[in-house]
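# Remarks on the overall topology
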Amino acid sequence: MTERFTGSFTQQEPIPEEGIAAALEVMRHGRLHRYNTAPGEVAEAARLEEEFAALTGAKYCLALASGGAAMAIALRALGVGPGDKVLTNAFTLAPVPGAIAAVGAEPVYVEVTEALVIDLDDLAAKLAQAQVLLLSHMRGHLCDMDRLMRLCDGAGVTVIEDCAHTMGAAWNGVPSGRHGGMGCYSAQTYKHINSGEGGLLISDDAEAMARAVILSGSYMLYERHGAAPAREVFERVKYLTPNMSSRVDNLRAALLRPQLKALPEQVVRWNARYRAMEAGLAGVPGLTLIPRPGQESYVGSSIQFLLLDWPPDAVQGVIAGCAGRGVELKWFGGAEPHGFTSRYDSWRYAPVPSLPRTDRVLAGLLDMRLPLTFSLDDCALIARILAEEVAARAPARDAAE
Ligand SMILES: *Cc1c(COP(=O)(O)O)cnc(C)c1O
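Residues numbered from 1 in each chain as written. Predicted model: local features only at pLDDT ≥ 70, side-chain atom pairs only at ≥ 80, totals over all residues. Heavy atoms only, no water.

### Describing the overall build of the chain
- Per the secondary structure count, the chain includes 13 helices and 14 strands.
- The C-alpha radius of gyration computed for the chain amounts to 22 Å, which stays within 12% of the reference 21 Å derived for 401 residues, consistent with globular compactness.
- Principal-axis analysis of the C-alpha atoms places the extent of the chain at approximately 70 × 50 × 35 Å.
- Taken over 401 residues, the chain has a buried fraction of 56%.
- Contacts in the chain between residues at least 24 apart in sequence constitute 72% of all its contacts with a sequence separation of at least 6.
- When the accessible area of the chain is evaluated, it comes to approximately 16200 Å², of which 52% is carbon and sulfur surface. (Helix = DSSP H or I, 4+ residues; strand = E, 2+ residues; numbered from the N terminus. Rg over C-alpha atoms; globule rule 2.2 N^0.38 Å. Buried < 20%, exposed > 50% of the residue type's maximum accessible area, 1.4 Å probe, protein only. Contact = heavy atoms within 4.5 Å. Areas by Shrake-Rupley, 256 points an atom, 1.4 Å probe, with all protein chains shown as cover.)

### Details of the sheet that holds strand 2 (residues 85-89)
- If you walk across this open sheet you meet the 7 strands as 1-9-8-5-4-2-3, and the pairing is mixed. Unpaired on one side and paired on the other, strand 1 (60-64) and strand 3 (106-110) mark the two borders of the sheet. The mean inter-strand angle of the sheet, taken between neighbouring strand axes irrespective of direction, is 20°.
- In terms of strand pairing, strand 2 meets strand 4 (residues 132-136) through 3 bridges, oriented parallel. (Pairing = 2+ DSSP bridges. Axes fitted to C-alpha atoms, helices over the stretch in contact; angles between N-to-C directions.)

### A closer look at the environment of D249
- As for its position among the elements, D249 is in the loop between helix 8 (231-237) and helix 9 (250-281).
- Separated by 215 residues in sequence, D249 and R34 have C-alpha atoms that sit 5.3 Å apart.
- A polar side-chain atom of D249 sits 3.0 Å from the main-chain amide nitrogen of R252. (Polar contact = N/O pair within 3.5 Å; in protein donor to acceptor, adjacent residues only side chain to side chain.)

### Re the domain arrangement of the chain
- In terms of domains, the chain is made up of domain 1 (17-257) and domain 2 (263-393).
- Computed from C-alpha atoms alone, the centre-to-centre distance between domain 1 and domain 2 is 27 Å.
- In this complex, domain 1 contributes 35 residues to the contact, which on the side of domain 2 involves 35 residues.
- Interface area lost by domain 1 to domain 2 is led by E111, E114 and R139, which between them contribute 20%. (Domains from an automatic or database assignment. Buried area = accessible area lost by both parts, 1.4 Å probe.)

### Quick look at the nonpolar core
- In terms of nonpolar packing, the biggest core is built from 45 residues, with I118, L123, L133, L148 and L200 touching the most fellow members.
- Contributing elements (two or more residues each) for this core: helix 2 (44-56), strand 1, strand 3, helix 5 (120-126), strand 4, helix 6 (145-155), strand 9 (199-203) and helix 9.
- The element contributing the most residues to this core is helix 9, with 6 residues.
- Summarising the domain contributions, this core has at least three residues from each of domain 1 (17-257) and domain 2 (263-393).
- Setting aside chain neighbours within four positions, we find L148 in contact with I118, L120, L123, L133, L135, C143 and V159.
- Ranked by size, the runner-up nonpolar core spans 34 residues in total, among them A72, I73, A105 and M209. (Core = buried A, V, L, I, M, F, W, Y, C linked by side-chain atoms within 4.5 Å.)

### A few points about the pairing of strand 3
- Of all 5 residues in strand 3, 4 are buried; the element is thus mostly enclosed.
- Sheet topology places strand 2 next to strand 3; 5 bridges connect them, and they run parallel. Counterpart to K85 in the pairing with strand 3 is E106.
- On the question of chirality, the crossover connecting strand 2 to the parallel strand 3 by way of helix 4 (residues 95-102) is right-handed. (Right-handed = clockwise from strand over helix to strand, strands pointing away.)

Spelled out as structure tokens, the structure:
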């Protein structure tokens, strides 16, 4: 019998009841704008900032309208402007080069390895070209952050971490987002906490963070923030920093606060699903799993594998075969951008370099979300379907081994 999967790859879990109750409360009192507070009231947005700073160990936190806004504001707060170059890994999502373009800067793409992380040798060769690296922990894979920070510190390059897929992850015990100068997170529906749209920015750098708060659209109400620098820091930057209107509102903050509390349990549940998938895909001919180093504690909210050096029509055959059995795969090797998936050579508002190693990896890269609405049995079923569809098309040299 041919098995089929009938679940949805885009169905999230509901908002926790506590978040629904808190959101109803905000709607009942009507003070949705973060600076609209009753006497003595601390806004939900300010509380969210305090709680996320505590969770990550950062001195300062700013809640924002999106992860993309967090990245653009981080770049601008660190002084990146028109004509500047910003290093970034070539395997990422469109909002990353988008944030660089938003401040008038230009991305310098760094190659990606077969482990789906930034190629540190290529980075070392390109470090002299920029003062900032916007490092995207794409699909939750962390590179050797100790080596990366040694390289960047040695060259005076400031690191901004894009933690859209690594909220709750760590390298060598240091939370993702706490290695570089600033860390950016997303609360968009498909990330680790869900308010539809939303972002968080953390840092220990008082002056950059004061600029970020004003850039976010605080007007002169920055003292109403939950985990912000002292007033005198704002005094130094307030006349020189524009307002980019990227605030979060109390409704979204109310939805997020209980989700932050539940994050550690959710990470355990994601990783159980990830490991079920990984076990089901181990040893499939022609399929390469992505190694997970011992120093990395990851959040398995999606899984990737490589059909390395397969002919494109064979990869497309696997995608079609899986789709016919209810399993949705995203392919980074397609010539045209599709859905959420695009690649560096589709971002033609910026120079498109030649990156042969990245091209080879992306040509064989398949990606799948693992929403928490999947059961462990669902994961085992999906893995069986994938294994059959891949094995049936594996190039002969693998079959002969
Ligand atoms: C989603 C995402 C972002 C941006 O988040 P938004 O909140 O949607 O703006 C940034 N980087 C990566 C890798 C993402 O997946």
